[in-house]
Every structure is written in structure tokens, then in C-alpha cells.
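# Architecture and fold: a report
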Amino acid sequence: MKILRYGAWVAVVAIAGIVPVQSVMPQATSLGTDRERLIGAWHLEHIDSPSGDGKPSDAPQPMGMLIYTRDGHISVQLMYPKSAGSLSNEYVRNGYEASFGTYTIDEKTHILTHHVLGSITGEALVGKDLPRVYTLTGDGQLIIRSANPEEHWSVTWKHY
């Protein structure tokens, strides 16, 4: 009987020792390189895009998802609300933005470049390299800005 109790006690201690190690593992991963922290799915929190006069825009906010894969692929989709009408530009067609391709990251300069292979806007983006300045925050946000000093927008994403 003592052997059975001792065996059960060893099993409880062993399981208790494993549980804290497993809960620490995701935290250790989040402390990795920027490239490692970038991997995964992100949901759109907010787009800041000043109007022509430099004041904050009151444009309706879309819903969106951004995905970076470990093997260097990217996919992004945004859907603007009906109140945005039939918004169309270099990135958006009729209120919807979708593109995919590959990406490269330079952790020293904090430049993330999207290499567009396909887009809902067709040839407007396909074949372009879109350099972006990125910031990864300690609370799981990714903030992306244009590397073009003439453009003053930013997009904030939150890791799922």
C-alpha cells in the first residue's frame, strides 16, 4: 500500500512540475527575435490616416487580418464598413483590400518589406516592394508605418 501511495505522490509531483514549464513556454517565445515575434495572425485595431490638411481622419475603420508565416509569406485582408461606400485606391477595391506575397525583415533598421505577388487591385500593386517601418510593442501590438517620409499613416495590429 505504501508503494502505491508513493507512486501516486511521484506522479502528482511530476505533473505539477510539467505544468509551470508549459505555461512559461509561450512567454519565452515572445522574447525571441522580431521575425519570430512577427509570425502568426494579427487582427486590425486601428488605422491612423490624416486627411489632406494633416488633421486626423474620421474615416470609418475597417475590420482586418494580417498573417505572417514562418516560411516568409504574408497575407492581408481588410473589409471597410458599408458607410465607407465604394472606397477604391491603390490598395482597396470597392471597400475591400486583399493582397499576398512574401516579406523580408531587417531587424537593425526596423524595416519590413512586403513583396506583393497578388492583389485585389491587380497590377496596381503586383510586383511592388512595399517597405514599412515597424514597431513591436511589449503588449502584443505591431505598428506599421510607411517608410516614405511623405506618407503619414500608421496601422496598429494586435496579435491573436
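What comes next is a walk through the structure. None of these values were measured; they are calculated from a predicted model.

Here we come to the overall build of the protein chain. Within the protein chain one finds 2 helices and 9 strands. Counted from the first residue to the last, the protein chain has its helices and strands arranged as α-α-β-β-β-β-β-β-β-β-β. The buried share of the protein chain, taken over its 160 residues, is 28%. Sequence separation of at least 24 residues holds for 44% of the intrachain contacts in the protein chain that already meet a minimum separation of 6. Just so you have it, the protein chain exposes about 10,200 Å², and 62% of that area is on carbon and sulfur atoms.

Here the focus is the nonpolar core. One recurring pattern in soluble globular proteins is that nonpolar side chains are buried together. One finds Leu66, Tyr68, Leu142 and Trp157 to be the most contacted residues of the largest nonpolar core, which totals 20 residues. Residue assignment for this core shows that the elements contributing at least two residues are β1 (40-48), β2 (63-68), β3 (73-79), β7 (129-136), β8 (141-146) and β9 (154-159). Once residues lying within four places of it in the same chain are set aside, the contact partners of Tyr68 are Leu38, Ile39, Gly40, Trp42, His73, Ile74, Tyr103, Leu112, His114, Leu142 and Ile144.

A word on the environment of His110. Here His110 shows up in the loop between β5 (96-106) and β6 (111-119). It is 9.4 Å that separates the C-alpha atoms of His110 and Leu136, two residues lying 26 residues apart in sequence. Every residue in contact with His110, bar those within four places of it in the chain, is listed here: Asp34, Arg132, Val133 and Tyr134.

The next subject is the pattern of salt bridges. Under the defined criterion, the tally for this structure stands at 1 salt bridge. One salt bridge in this structure joins Lys128 and Glu90, with 2.7 Å as the shortest N-O distance. Note that Lys128 is positioned in the loop between β6 and β7 and Glu90 in the loop between β3 and β4 (92-93), a separation of 38 residues in sequence. Given a relative accessible area of 33%, Lys128 falls into the partly exposed group. Classification of Glu90 as partly exposed rests on a relative accessible area of 32%.

Conventions we followed
- Residues numbered from 1 in each chain as written.
- Predicted model: local features only at pLDDT ≥ 70, side-chain atom pairs only at ≥ 80, totals over all residues.
- Heavy atoms only, no water.
- Helix = DSSP H or I, 4+ residues; strand = E, 2+ residues; numbered from the N terminus.
- Buried < 20%, exposed > 50% of the residue type's maximum accessible area, 1.4 Å probe, protein only.
- Contact = heavy atoms within 4.5 Å.
- Areas by Shrake-Rupley, 256 points an atom, 1.4 Å probe, with all protein chains shown as cover.
- Core = buried A, V, L, I, M, F, W, Y, C linked by side-chain atoms within 4.5 Å.
- Salt bridge = Lys/Arg side-chain N within 4 Å of Asp/Glu carboxyl O.

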